[in-house]
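Topology and contacts: notes
For reference, the chains in residue letters:
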Amino acid sequence: MKTIASLSVALLVATATCELAAPSTGTSSLREEAQKKDILIGSGAINPDYLNDTRFAAVLAEQFNSLSPENEMKWVFLNPAEGQYNWQTIDRLVDFAEHHDMVVKGHGLISSCCNPDYLLKITDAEASRTAMKAHFEAVMHRYHGKVDRWDVVTEVLETMGGGLQHNYFYNVTGPDYIEDAFRIARAADPSAKLFINENQVEAIPSKRQELYDLVSGLVAKGVPIDGVALQMHITEVAVVPGVITEMVDSYEALGLEVAIAELDVHTLNNTLETEIYGAVIAEALSAGITDISFWGFTDKHAYTWVPGAKPLMFDENYKAKTEFYATHKALSGFIDTCQ
Ligand code: G3I
């Protein structure tokens, strides 16, 4: 018979080795509800080291059918020096996803941050394009058939709007670096879906128009782009009802898909946070969005700019919060009238 002593030793061992099970939500998983409706429900911001915690791994595989890395695919972290690649981090994520029948989204091919010194030293446009081609081919060839969609460019516009960020690529190649990136990505993996990833467009009408003008311009030039990934990092203010639907309709008219890529809600008001989760998921589904990802799922690893905010659906101990149940209600309650 297990004695108090042996039980406490077992508890200590379990705690030490993270063998603790995640608390039950008491209901079906988001993944089960999503799969009934051919929805991809995913978590981004996955650092492979987090998988060392078996509860993290258990909740990730149970609740989601899609994942994407946090920083490990960003150029400086994946390819810090010419010809040198840190494949092991992404390989571990891809293996985990394959083992749990999840799809993987590539995040961070190029963005304004996280570029290696060997690239930043290149000031010739053609040489910079050649470096981009070499990098995209190395990464996309390795994960061909394993990573089915990519954020090709992330955050090309100024955060609060007002034009393109004058980042390394813009300064060396000019605004055409965006078109170059999509053409290079398409050639590197013709089977993968290619997204432009942007923030704040749900909150700032002028930036929303800027992104539409940029993307419709790319489409008009025949640039191979398949979709728009809306980050949806929501801070303190709910999204105006109808804005998500308006964006989906406007991009679908261009033949493009809209995905939610990095949903989280930054506020100290948990009631507001819960309402926003429910409202965004409900409108996204009714607008026809079938690919929804959160920027993580446990406050244990949240990235926030609001001190004290708990922006995610599970707490630090993987206990489902009201945000989870609001998301679950919107997902399980969604009836796809198009089917
Ligand atoms: O790896 C270095 C480490 O060597 C160094 O000691 C440490 C101290 O400065 O920094 C580490 O790099 C940090 C990196 O995350 C890896 O942990 C960077 O400082 C830090 O700025 C970086 O933050 C990431 C941020 O993007 C910027 O790349 C966040 O973890 C990540 O959650 C956040 O994610 C972005 C998406 O990619 C795009 N959309 C917005 C989203 C949230 O901002």
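Before reading on, note that the structure itself is shown above.
This report concerns the structure included in the present document.

Thresholds, definitions, all that
- Per chain, residue numbering runs from 1 following the sequence as it is written.
- It should be noted that, the model being predicted, local features are given only for residues of pLDDT at least 70 and side-chain atom pairs only at 80 or more, the latter also being counted only at that level, while totals for whole chains, interfaces and linings use all residues.
- Here the side-chain values reflect all heavy atoms present in the structure, with hydrogen atoms and water set aside.
- Think of a nonpolar core as a cluster: buried Ala, Val, Leu, Ile, Met, Phe, Trp, Tyr and Cys residues, connected wherever their side-chain atoms sit within 4.5 Å.
- Remark: exposure states derive from per-residue accessible area (1.4 Å probe, protein chains only) relative to the maximum for the residue type, with buried under 20%, exposed over 50%, and partly exposed in between.
- A run of H or I in DSSP counts as a helix once it spans at least four residues, and a run of E counts as a strand once it spans at least two, with each numbered from the N terminus.
- Any two residues whose heavy atoms approach within 4.5 Å are treated as being in contact.
- DSSP-based pairing: two strands are paired if at least 2 bridges between them are found.
- Note on definitions. A residue lies near a molecule or strand when any single heavy atom of the residue is within 4 Å of it.
- Each polar contact in these results corresponds to two N or O atoms within 3.5 Å; when the atoms are within protein, one needs to be able to donate a hydrogen and the other to accept it, and residues that are neighboring in sequence are counted only if both atoms are side-chain atoms.
- Think of it as three bins: nonpolar holds Ala, Val, Leu, Ile, Met, Phe, Trp, Tyr, Cys and Pro, charged holds Asp, Glu, Lys and Arg, and polar takes everything else, Gly as well.
- Every axis in this analysis is a line fitted to C-alpha atoms, fitted for helices over the stretch in contact. Angles between the N-to-C directions lie between 0 and 180 degrees.
- An angle below 35 degrees is read as roughly parallel, one above 145 as roughly antiparallel, one from 65 to 115 as roughly perpendicular, and any other as oblique.
- Two helices cross in a left-handed way if the nearer one is turned anticlockwise from the farther one by less than a right angle. They cross in a right-handed way if the turn is clockwise.
- Here, a salt bridge means any Lys or Arg side-chain nitrogen found within 4 Å of an Asp or Glu carboxyl oxygen.
- By this rule the span expected of a helix is its residue count minus one, scaled by 1.5 Å.
- Here a Phe, Tyr or Trp ring, Trp counted by its six-membered ring, pairs with any other such ring whose centre lies within 6.5 Å, and the pair is stacked when the planes are under 30 degrees apart, edge-to-face when over 60, and tilted otherwise.
- Handedness of a crossover is defined as follows: with both strands directed away from the viewer, a clockwise route from the first strand across the helix to the second makes it right-handed.

Considering the nonpolar core
Counting 99 residues, the largest nonpolar core has Leu60, Phe136, Trp150, Val153 and Ile196 as its most contacted members. If you tally residues by element for this core, the top one is helix α12 (residues 270–287), at 8 residues. Apart from the residues lying within four places of it in its own chain, the contact partners of Trp150 are Met73, Gly106, Leu109, Val139, Met140, Tyr143, Ala192, Lys193, Leu194 and Phe195.

Observations concerning the pairing of strand β6 (residues 227–230)
Residues Gly227 and Ala229 of β6 are buried on one face, and the alternating residues Val228 and Leu230, pointing to the opposite face, are buried as well. As paired strands, strand β5 (residues 193–198) and β6 are joined by 4 bridges and run parallel to one another. Directly across from Phe195, in β6, lies its bridge partner Gly227. Across 4 bridges, β6 lies against strand β8 (residues 257–266) in parallel orientation.

Considering the site of the ligand
Among the 13 residues in the neighbourhood of the ligand, the closest are listed as Glu70, Asn71, Lys74, His107 and Glu262. In the model, an oxygen atom of the ligand is placed 2.8 Å from a nitrogen or oxygen of the His107 side chain. Residue Trp295 places a side-chain N or O atom 3.0 Å away from an oxygen atom belonging to the ligand. Here the shell around the ligand is built from residues that sort into 5 nonpolar, 4 polar and 4 charged.

Points about the packing of helix α11 (residues 243–252) against α12
Packing of α11 against α12 brings their axes to within 9 Å, and their N-to-C directions diverge by 30°. Overall, the two elements α11 and α12 adopt an arrangement that is roughly parallel. When the axes of α11 and α12 are compared, the crossing they make is right-handed. Residues Val243, Ile244, Thr245, Val248 and Glu252 of α11 form the contact with α12, whose participating residues are Val280, Glu283, Ala284 and Ala287. Partitioning the contact of α11 with α12 into residue classes produces 6 nonpolar, 1 polar and 2 charged.

Some points on the pattern of salt bridges
Scanning all chains against the criterion turns up 20 salt bridges. Between Lys193 and Glu257 there is a salt bridge, and its shortest N-O distance comes to 2.7 Å. One end of the pair, Lys193, is in strand β5; the other, Glu257, is in strand β8, with 64 residues separating them in the sequence. Taking the relative accessible area as the measure of exposure, Lys193 reaches 33% and is therefore partly exposed. Residue classification places Glu257 among the buried positions, given a relative accessible area of 19%. Here Arg208 and Glu246 are joined by a salt bridge, their closest N and O atoms 3.6 Å apart. Of the two residues, Arg208 sits in helix α10 (residues 205–220) while Glu246 sits in helix α11, which places them 38 residues apart along the sequence. What makes Arg208 buried here is its relative accessible area of 13%. The class of Glu246 is partly exposed, set by a relative accessible area of 43%. One continuous salt-bridge network, built from bridges that share partners, spans Asp53, Arg55 and Lys300.

Here we look at helix α5 (residues 87–99)
With 13 residues, α5 should cover 18 Å at 1.5 Å per step; its first-to-last C-alpha distance of 18 Å lies within 8% of that length. Along α5, the residues that are buried comprise Trp87, Ile90, Leu93, Val94, Phe96 and Ala97. Looking at the buried positions of α5, the neighbouring elements they touch are β1 (40–46), α3 (54–63), β2 (66–69), α4 (75–78), β3 (103–111) and α7 (125–142). Of the residues one or two after α5, Asp101 is the one with positive phi, at around 55°.

Some thoughts on the packing of aromatic side chains
Counted by the stated rule, this structure contains 16 aromatic pairs. Judged by centre distance (5.4 Å) and plane angle (65°), the rings of Tyr50 and Phe56 are edge-to-face. Of the two residues, Tyr50 and Phe56, both sit in the buried class. Both rings, one in Tyr85 and one in Trp87, keep their centres 4.5 Å apart while their planes meet at 5°; by these two values the pair is stacked. Linked through ring pairs, Tyr50, Phe56, Phe64, Tyr277, Phe294, Phe297, Phe314, Tyr318, Phe324 and Tyr325 together constitute an aromatic cluster.

Remarks on the pairing of β8
Of all 10 residues in β8, 10 are buried; the element is thus mostly enclosed. The pairing of strand β7 (residues 233–235) with β8 spans 3 bridges and is classified as parallel. Within the sheet, the bridge partner assigned to His233 lies in β8 and is Asp264. Relative to strand β9 (residues 291–294), β8 runs parallel, the two sharing 2 bridges. Paired with Leu263 across the strands is Phe294, a residue of β9. The parallel pair β8 and β9, bridged by α12, forms a crossover whose chirality is right-handed.

Comments concerning the packing of α10 against α11
As a packed pair, α10 and α11 sit with axes 11 Å apart at the nearest point and diverge in direction by 10°. By the criterion of interaxial angle, the relationship of α10 to α11 is roughly parallel. The interaxial crossing formed by α10 with α11 has right-handed handedness. Packed against α10, whose contacting residues are Arg208, Leu211, Tyr212 and Val215, the element α11 presents Val243, Glu246, Met247, Ser250 and Tyr251 at the interface.

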